[in-house]
Amino acid sequence: MKKKSTLMMRPVSMVSGMLSGMLAGLIFRQVWKLAAGQEDAPSPAQQEYGWRQILLAAAIEGAIFGVVRAAVDRSSMKGYERLTGHWPGD
């Protein structure tokens with residue numbers, strides 16, 4: 001049952017991963033606009049920005065992506081459990 005449960009969860013996990021990435025990107029852009037007053041966050045390739053701005057943008061982006069991914073993954077696992085009666089991987 002464990003192997004079947006894991007295989008059935010794999011497509012759900014792939015879709016949730018894509019959705020969480022898109023959602024996190026949208027949230028990050030809005031947070032950056034509010035925090036920095038700029039339309040786009042600086043990238044490491046942009047010479048006009050200093051280390052502080054680049055690393056701050058990366059840290060905020062990473063935190064948002066991590067939280068959104070964890071929330072989406074956990075929600076999809078809970079949904080899977082409600083549908084099947086089994087926690088994925090158990």
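Scoring rules and cut-offs
- Residues numbered from 1 in each chain as written.
- Predicted model: local features only at pLDDT ≥ 70, side-chain atom pairs only at ≥ 80, totals over all residues.
- Heavy atoms only, no water.
- Salt bridge = Lys/Arg side-chain N within 4 Å of Asp/Glu carboxyl O.
- Buried < 20%, exposed > 50% of the residue type's maximum accessible area, 1.4 Å probe, protein only.
- Helix = DSSP H or I, 4+ residues; strand = E, 2+ residues; numbered from the N terminus.
- Expected span 1.5 Å × (residues − 1).
- Core = buried A, V, L, I, M, F, W, Y, C linked by side-chain atoms within 4.5 Å.
- Contact = heavy atoms within 4.5 Å.
- Polar contact = N/O pair within 3.5 Å; in protein donor to acceptor, adjacent residues only side chain to side chain.

Undergrad: Sorry, what's going on with the pattern of salt bridges here?
TA: For side chains of opposite charge, pairing can occur when their charged atoms come near one another. What the rule picks out here adds up to three salt bridges. Residue Lys 33 pairs with Glu 39 through a salt bridge whose shortest N-O separation is 3.3 Å. Taking the relative accessible area as the measure of exposure, Lys 33 reaches 31% and is therefore partly exposed. Relative accessible area serves as the criterion here: at 54%, Glu 39 is assigned to the exposed category. In this structure, the salt-bridge partner of Lys 78 is Glu 81, at a minimum N-O distance of 3.7 Å. Residue Lys 78 and its partner Glu 81 are located together in helix α2 (residues 51-84), separated by three residues, close to a single helical turn. On the accessibility criterion, Lys 78 (34% relative accessible area) is partly exposed. Using a relative accessible area of 29% as the deciding quantity, one classes Glu 81 as partly exposed.

Undergrad: Is there a simple way to think about α2 in this case?
TA: Within an α-helix, residues lying three or four positions from one another point in the same direction, as the helix has 3.6 residues per turn. With 34 residues, α2 should reach 50 Å at 1.5 Å per residue; the first-to-last C-alpha distance of 49 Å fits that figure. Here α2 has its buried residues at Ile 54, Ala 57, Ile 64, Val 68, Asp 73, Ser 76 and Tyr 80.

Undergrad: Explain the nonpolar core here, please?
TA: Generally speaking, a soluble globular protein has its nonpolar side chains buried in company with each other. Within the largest apolar cluster, six residues are counted, these being Ala 24, Phe 28, Trp 32, Ala 57, Ile 64 and Val 68. Every element with two or more residues in this core is listed here: α1 (2-36) and α2. Not counting residues up to four positions away in its chain, the partners in contact with Trp 32 are Gly 37, Gln 38, Asp 40, Ala 41, Pro 42, Gln 53, Ala 57 and Ile 60.

Undergrad: Could you clarify how one ought to interpret the side chain of Ser 16 in this entry?
TA: For Ser 16, the position within the fold is in helix α1. Looking at Ser 16, the relative accessible area reads 6%, which means it is buried. Polar side-chain contacts of Ser 16 include one of 3.0 Å to the backbone oxygen of Ser 13. With sequence-adjacent residues up to four places away left out, Ser 16 is seen in contact with Val 72, Asp 73 and Ser 76.

Undergrad: What exactly am I supposed to notice about the side chain of Ser 20 here?
TA: Looking at where Ser 20 falls in the secondary structure, it is placed in helix α1. When its relative accessible area of 3% is taken as the criterion, Ser 20 is described as buried. Those residues in contact with Ser 20 that sit more than four places away from it in its chain are Val 68, Arg 69 and Val 72.

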